[in-house]
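Below are the chains, spelled out letter by letter.
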Amino acid sequence: MSSRFGWFRWRPSTATLIGGAVVILGFALAQWYRWGFLALVGVGAFGPGILREMGWLNDQDEFQRRAAHRAGYHAFIVTGLVAFLIYAYMRAGGTLKQAEELSMVYLALLWFTWMFSSLFTYWGPHKTAFRILIGFGCVWGVFNILGNLKDPVGMLMQLLVTTAPFFVLAYVSRRWPRVVGAFLVALSLFFLGYYFYPGHFGNLLLLVKLGVSVLFIGPLLASGVALLGGQEERRAGEPDGVSGEAEPQVLAGVD
């Protein structure tokens, strides 16, 4: 099987499936009964990893362990940096409204950083960035179509200005990945600077801004960094890994 399908032939372990079920159960019980059931989400999300680190659960091969450790380290770096920036902001006299929601920002950073790092590991930087850009283009396209059903001209303009560029960047990223990577990093930094500049979007809470940044700007920034730093993947026709194991060309794109 071609290495391009490596991610799709991945099958979650029993512990991962159980953990996912506990996460869903925790969210459901929190919505229906009490928010204290959110603790189950933490148990489901982090429980399997804790058992693996304690040596009580051995359901991952060497590649999966390496990928998990790398993704966890990336999550530690990103979340730690943001935590120090927020702490410095508050020590300098800044205030946060609804500060009790700050933990959700950290959880979102942890989860999204881990998720994207895992995707970059399994798919490689080029394929992951390509698929993220295509995904963004599709999502923006759906929003633009639904929001302009009564204005075909406006819909066309929105699709050309805010949707088509994602597909163009996705196509160009396959040929000039570092050029697109630099552009995505510069564009993300521009959006962040404009979004958080004093006086801009002053009606939004800082924590809301942080959450929006994680959801919408974070993937673009992560894709840009990956395209700048990721090595080129193996060409088609080169041998894959042993059946059932992760492909070696993905590892070559990690380090």
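Residues numbered from 1 in each chain as written. Predicted model: local features only at pLDDT ≥ 70, side-chain atom pairs only at ≥ 80, totals over all residues. Heavy atoms only, no water.

When you look at the overall build of the protein in this model, what are you seeing that I'm missing?
In terms of helices and strands, the protein carries nine helices and zero strands. When its helices and strands are written in sequence order, the protein yields α-α-α-α-α-α-α-α-α. Looking at the protein as a whole, 32% of its 255 residues are labelled buried. Here the analysis covers contacts within the protein between residues at least 6 apart in sequence; of these, 65% occur between residues at least 24 apart. Accessible surface computed for the protein: about 16,100 Å², of which carbon and sulfur atoms make up 69%. (Helix = DSSP H or I, 4+ residues; strand = E, 2+ residues; numbered from the N terminus. Buried < 20%, exposed > 50% of the residue type's maximum accessible area, 1.4 Å probe, protein only. Contact = heavy atoms within 4.5 Å. Areas by Shrake-Rupley, 256 points an atom, 1.4 Å probe, with all protein chains shown as cover.)

What am I meant to see in the packing of helix α1 (residues 14-32) against helix α2 (residues 38-53) here?
At their nearest, the axes of α1 and α2 sit 5 Å apart, and the two run at 165° to each other. Judged by the angle between their axes, α1 and α2 are roughly antiparallel. As for the relative orientation of α1 and α2, their crossing is left-handed in sense. The segment α1 lies against α2, with Ala15, Thr16, Gly19, Val22, Val23, Gly26, Phe27, Leu29 and Ala30 engaging Leu38, Leu40, Val41, Gly44, Ala45, Pro48 and Arg52. (Axes fitted to C-alpha atoms, helices over the stretch in contact; angles between N-to-C directions. Parallel < 35°, antiparallel > 145°, perpendicular 65-115°, else oblique. Left-handed = near helix turned anticlockwise from the far one by under 90°.)

Could you clarify how one ought to interpret the side chain of Thr113 in this entry?
Here Thr113 shows up in helix α4 (residues 102-123). Overall, Thr113 belongs to the buried group, its relative accessible area being 16%. Beyond its immediate chain neighbours, meaning those up to four positions away, Thr113 contacts His74, Ala75 and Val78.

It is not clear to me how α1 should be interpreted in this structure. Could you clarify?
Given 3.6 residues per helical turn, the α-helix brings residues three or four places apart onto the same face. Taking 1.5 Å of rise per residue, 19 residues should cover 27 Å, and α1 covers 27 Å from first to last C-alpha, within 8% of that figure. Among the residues making up α1, those that are buried are Ala15, Gly19, Gly26, Leu29 and Ala30. Angularly, the buried residues of α1 cover 100° about the axis, an arc narrow enough to put them on a single face. Exposed positions of α1 whose direction lies more than 90 degrees from the buried face are Thr14, Leu17, Ile24, Gln31 and Trp32. The secondary structure elements touched by the buried residues of α1 are α2. (Expected span 1.5 Å × (residues − 1). Arc of directions from axis to C-beta.)

What is the right way to look at the nonpolar core in this model?
Side chains of a nonpolar character, in soluble globular proteins, are inclined to be buried together. By size, the foremost hydrophobic cluster in this structure holds 26 residues, and its most contacted members are Ile86, Leu102, Val105, Phe116, Leu133, Leu184 and Leu207. If you list the elements that add at least two residues to this core, you get α3 (62-91), α4, α5 (125-147), α6 (152-175), α7 (177-196) and α8 (206-229). No other element matches α4, which puts eight residues into this core. (Core = buried A, V, L, I, M, F, W, Y, C linked by side-chain atoms within 4.5 Å.)

Purely spatial values, then, with no claim about function.
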